[in-house]
There are 2 protein chains.
Amino acid sequence: MSSEEKALLVLTVDLEAVVSNWRLLRERLSEKANCAAVVKADAYGLGASKVVPALVRAGCGTFFVATLDEGIAVRKVAPRAEIFVLSGPVPGSAGAFVQAHLRPVLNSVEQTELWRGHARTLGHALECALHVDTGMNRLGLSAQDLLRPGVLDSIQPILGMTHLACAEVIDSPMNAEQRARFTDAFKPLALPRLSMAASSGIFLGEEYHFDLVRPGAALYGINPCPGQPNPLRPTVRLQARLLQIRDVDTPMTVGYGATHSVRTKGRIATAAAGYADGYFRSLGNHGYGVIKGVNVPAVGRVSMDLITFDISALPADAVKPGDMIDLIGPDHDVDALSAEAGTIGYEILTQLSRRAFRQYVGAAS
Amino acid sequence: MSSEEKALLVLTVDLEAVVSNWRLLRERLSEKANCAAVVKADAYGLGASKVVPALVRAGCGTFFVATLDEGIAVRKVAPRAEIFVLSGPVPGSAGAFVQAHLRPVLNSVEQTELWRGHARTLGHALECALHVDTGMNRLGLSAQDLLRPGVLDSIQPILGMTHLACAEVIDSPMNAEQRARFTDAFKPLALPRLSMAASSGIFLGEEYHFDLVRPGAALYGINPCPGQPNPLRPTVRLQARLLQIRDVDTPMTVGYGATHSVRTKGRIATAAAGYADGYFRSLGNHGYGVIKGVNVPAVGRVSMDLITFDISALPADAVKPGDMIDLIGPDHDVDALSAEAGTIGYEILTQLSRRAFRQYVGAAS
């Protein structure tokens, strides 16, 4: 039955904005660098099956995903793209990588052994990326691992990569340290391509671009340079329907646990979204929504399916049941909501509602 | 390619435990009360298409969902069950309710008017539930609304209900206050059935049971009586594969933002799950996982797809890459994880991983 008119919750994804963001990032790159797209976690919650074809049409040829299953899903909508799988192979999965023409990122000596074992079974070298850890201590080969005798036998690394730990802090000394370790580690191998920068790394300058950059968050409109104006376009809007508006004229409490008290006259609007829709419970008494350009505070606890907003700031006849409230929208972007929730835009996007009616707009859709 | 052996993340749902919890709750009820099941938000993330049929087989005849779309989905797997939709109708949706034999919960005068309008179009009265607000100030008719002339014309309320705001606080004075308002509000109507208690409300005693109770959280193993032993069985296990184990022998930092420092020798294991899988970012430097019965702390920031654990407490040969870590499991339940995350089990469950390989176990599956 879902349709925009009747849906309780509407998620609008602007594919044109995603493409525009990708182009803007590409224009910032050094001359020799290419711009990939990170589309893991279902394109950060926006829907990889829609985002990937739009980016392919715009000229994006390389995609990064987190898992084999994500790679297989992206392959279905991008038959000729280059697809890297960041988690690499586990025992028994190498065959599925080859079958879907996916290139694993090898993160450990064990993974180089797995990939080599499968290559020898097939009788020819297999392409892959090598991930060297330069300071995250999370995943990745060490520089010493790369020098082990035989570690690269039967595998054909076509990309060397690493992750920056503090790229959004422009003056962090870790950035230059990681860059030095990165170039040192790969110098002996002379790989065809190197890649270091994700969204924020692109803004550290051309010396961080190497041959390929891997923006994710910035594609989806998250500000890669916190504290500075966001050069990117917002890509999502999340609107919830108001189920009820109540006039409160005696002192009373609102919601579970009675954490909010209305002391004087006011009006409470109840919206059809909740923490099951990715509107974090931490937004209770902290978040804002926007109705007709006016910021209205979320009051009381966020319920699983309902949020209560104090709309006393709006004229009495300005809002009626059935109207929509922007949870994320032109006047209240993902970064604003995530700050209110005490997290980052990445987490908000990846938890976006599974229940919302989704619509894709923009020339690329 | 997903299978339990190769998957990076495995979510196991114990349907037998869900059914056992439903039976345990039913046995606590006063003689005349029936036990429904709340299966909104895809059965709190466990999967309504599996949970509902298991409960139907156990004898559950009444289900509550949040939205029309959820009701339509539950109808498909429970052709003869009674299904109430908590959000009620919006303009244009009444026909879809009737078509799927769904009973709306009417929460406002506007919704009674919508439902009456559709009943008159069809030429016969339509069944529904009436929700009276007794202290949440979130959604619901007022006691005064019920007394308006004509408010019940052409609609046939078969259930009167309300929500308790503080049911998990056994000695909260709000419980008895809400109970009194509830019975007062519905006294003039003499409806066939009344319903007040959800999971925690059941444990307030028989005087809160009325004709129907509506447990959700407790069915899925969340403790309805915080601070007391949990009488219910856990229903989910979430296991992540360890991609890499690194020996750290010099002081260094771990993860994004370098928020965790390893000062002496130790070992860090990187697991293939992250906040995109519902392992909240707030668990970074706060959460625990369990490997072979040993609690290991999450160190550094949680990434989108990866979590780093300090496994120094385990013997060096006890763990190898490819082993699994319990994020939620027999020794670390949903309530424990949610406390570490600073939230409640309900939010953890509803955000459970979309990427996990899901398996359903238990006699009822």
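*Asks:* Where do I start with the overall build of chain A in this structure?
*Replies:* Across its full length, chain A holds 11 helices and 19 strands. Overall size of chain A, expressed as C-alpha extent along the three principal axes, is 80 × 45 × 40 Å. At a minimum sequence separation of 6, the contacts of chain A that also span at least 24 residues come to 65%.

*Asks:* Hey, could you run me through the confidence of the model for chain A in this one?
*Replies:* Interpretation of this model should avoid reading the predicted coordinates in detail wherever pLDDT is low. Per-residue confidence for chain A gives a mean pLDDT of 93, with 98% of residues at or over 70. Here the complex is predicted with pTM 0.94, and the ipTM for its interfaces comes to 0.94.

*Asks:* Sorry, what's going on with the domain arrangement of chain A here?
*Replies:* A common measure of how large an interface is: the accessible area buried when the components associate. Residues and elements named next belong to chain A. Segmenting chain A into domains produces domain 1 (31-219) and domain 2 (236-361). Taken over C-alpha atoms, the centre of domain 1 sits 39 Å from the centre of domain 2. With 7 residues of domain 1 at the contact, the number on the domain 2 side is 9 residues.

*Asks:* What am I meant to see in the pairing of strand E4 (residues 62-65) of chain B here?
*Replies:* In the case of a regular strand, side chains alternate between the two sheet surfaces. Residues and elements named next belong to chain B. Taking every second residue as pointing to the same face, both faces of E4 are buried, with Thr 62 and Phe 64 on one and Phe 63 and Val 65 on the other. Here strand E3 (residues 37-38) pairs with E4 via 2 bridges, running parallel. Opposite Ala 37, over in E4, you have Phe 63 as the bridge partner. In the sheet, E4 pairs with strand E5 (residues 82-85) via 4 bridges, with the strands oriented parallel. Considered in E5, the bridge of Phe 64 is made with Phe 84. Regarding the hand of the β-α-β motif, the stretch spanning E4, helix H4 (residues 68-77) and E5 is right-handed.

*Asks:* I tried to follow unusual backbone geometry on my own but got confused; where do I start?
*Replies:* The bulk of non-glycine residues show a negative phi, and the bulk of peptide bonds are trans. Residue and element names in this part refer to chain A. For Lys 292, which is not a glycine, the phi torsion comes out positive at approximately 50 degrees. Within the secondary structure layout, Lys 292 lies in the loop between strand E15 (288-291) and strand E16 (294-297). Taking the number of C-beta atoms within 10 Å as the measure of exposure, Lys 292 has 14 and is therefore partly exposed.

*Asks:* When you look at the interface of chain A and chain B in this model, what are you seeing that I'm missing?
*Replies:* Contact with chain A, which involves 60 residues of that partner, is made by 60 residues of chain B. Elements with a minimum of two residues in the side of chain A that touches chain B: helix H2 (40-44), helix H4 (68-77), strand E11 (236-248), strand E12 (252-254), strand E14 (266-271) and helix H11 (345-350) of chain A. Broken down by class, the residue content of the side of chain A that touches chain B amounts to 29 nonpolar, 19 polar and 12 charged.

*Asks:* I tried to follow the packing of helix H1 (residues 15-27) of chain B against helix H3 (residues 48-58) of chain B on my own but got confused; where do I start?
*Replies:* Each packed pair of helices is defined by two parameters, the angle between the axes and the distance between the axes. All names here are of chain B. Running from amino to carboxyl end, H1 crosses H3 at an angle of 50 degrees, the nearest separation of the two axes being 10 Å. The angle between the axes of H1 and H3 places the two elements in the oblique class. Handedness of the H1/H3 crossing: right-handed. Between H1, through Leu 15, Val 18, Val 19, Trp 22 and Arg 23, and H3, the contact on the second element is made entirely by Lys 50, Val 51, Ala 54, Leu 55 and Ala 58. Grouping the amino acids of the contact of H1 with H3 by side-chain chemistry returns 8 nonpolar, no polar and 2 charged.

*Asks:* Is there a simple way to think about helix H1 (residues 15-27) of chain A in this case?
*Replies:* Since there are 3.6 residues in each turn of an α-helix, residues three or four apart along the chain are aligned in direction. For H1(A), with 13 residues, the first-to-last C-alpha span of 18 Å sits near the 18 Å given by 1.5 Å per residue. Three or more residues of H1(A) are buried, namely A:Leu15, A:Ala17, A:Val18, A:Val19, A:Ser20, A:Asn21, A:Trp22 and A:Leu25.

*Asks:* Would you mind showing me how to read the relation of the copies chain A and chain B here?
*Replies:* The operation linking the two copies of the chain is a rotation about an axis combined with a translation along the axis. Between chain A and chain B, the superposition needs a rotation of 180 degrees and an axial shift of 0.0 Å, giving an RMSD of 0.0 Å. The transformation just described matches what one would write down for a two-fold rotation axis. In terms of C-alpha distance to the rotation axis, chain A has A:Gln351 as its closest residue, with the C-alpha 3.6 Å off the axis.

*Asks:* What is the right way to look at the environment of A:Gly123 in this model?
*Replies:* Positionally, A:Gly123 belongs in the loop between helix H6 (109-122) and strand E7 (126-131). In sequence terms A:Gly123 and A:Ser154 are 31 residues apart; their C-alpha atoms lie 8.9 Å from each other.

*Asks:* In this structure, what is going on with the packing of helix H3 (residues 48-58) of chain A against H4(A)? I would like to understand it.
*Replies:* Residues and elements named next belong to chain A. Relative orientation of the contacting elements H3 and H4 amounts to 50 degrees, with a least axis distance of 9 Å. For the element pair H3 / H4, the angle class is oblique. Crossing geometry of H3 relative to H4 is assigned as right-handed. Residue-level contacts link Ala 48, Ser 49, Val 52 and Pro 53 of H3 to Ala 73, Val 74 and Val 77 of H4.

*Asks:* Got a minute to help me understand the environment of B:Arg214 in this structure?
*Replies:* Residues and elements named next belong to chain B. Mapped onto the elements of the fold, Arg 214 is located in the loop between strand E10 (212-213) and strand E11 (236-248). Once the C-alpha coordinates of Arg 214 and Thr 62 are considered, the two residues, 152 residues apart in sequence, prove to be 8.9 Å apart. Residues in contact with Arg 214, not counting those within four places in the same chain, are Ala 36, Val 38, Phe 64, Ser 195, Ala 197 and Ala 198.

*Asks:* What is the right way to look at the pairing of E11(B) in this model?
*Replies:* Residues and elements named next belong to chain B. With respect to burial, E11 is a largely interior element, 11 of its 13 residues being buried. Bridging between E11 and strand E18 (residues 324-328) involves 4 bridges; their strand directions are antiparallel. Paired with Arg 241 across the strands is Met 324, a residue of E18. Pairing geometry for E11 and strand E14 (residues 266-271), over 6 bridges, is antiparallel. Following the sheet pairing, Leu 242 is matched in E14 by Ala 271.

*Asks:* Mind showing me how you'd approach the environment of A:Val85 here?
*Replies:* Residues and elements named next belong to chain A. Structurally, Val 85 is set in strand E5 (residues 82-85). Along the sequence, Val 85 and Ala 129 sit 44 residues apart, while their C-alpha atoms lie 9.0 Å from each other. When sequence neighbours within four positions are dropped, the list of residues in contact with Val 85 reads Val 65, Thr 67, Leu 68, Gly 71, Phe 97, Leu 102, Pro 104 and Val 105.

About the criteria used
- Residues numbered from 1 in each chain as written.
- Chains lettered and ligands numbered in written order.
- Predicted model: local features only at pLDDT ≥ 70, side-chain atom pairs only at ≥ 80, totals over all residues.
- Helix = DSSP H or I, 4+ residues; strand = E, 2+ residues; numbered from the N terminus.
- Contact = placed C-beta atoms within 7 Å.
- pLDDT = per-residue confidence, 0-100.
- Domains from an automatic or database assignment.
- Buried ≥ 20, exposed ≤ 12 C-beta atoms within 10 Å, placed from the backbone.
- Pairing = 2+ DSSP bridges.
- Right-handed = clockwise from strand over helix to strand, strands pointing away.
- Nonpolar A, V, L, I, M, F, W, Y, C, P; charged D, E, K, R; others polar.
- Axes fitted to C-alpha atoms, helices over the stretch in contact; angles between N-to-C directions.
- Parallel < 35°, antiparallel > 145°, perpendicular 65-115°, else oblique.
- Left-handed = near helix turned anticlockwise from the far one by under 90°.
- Expected span 1.5 Å × (residues − 1).
- Least-squares fit on C-alpha atoms with pLDDT ≥ 70 in both.

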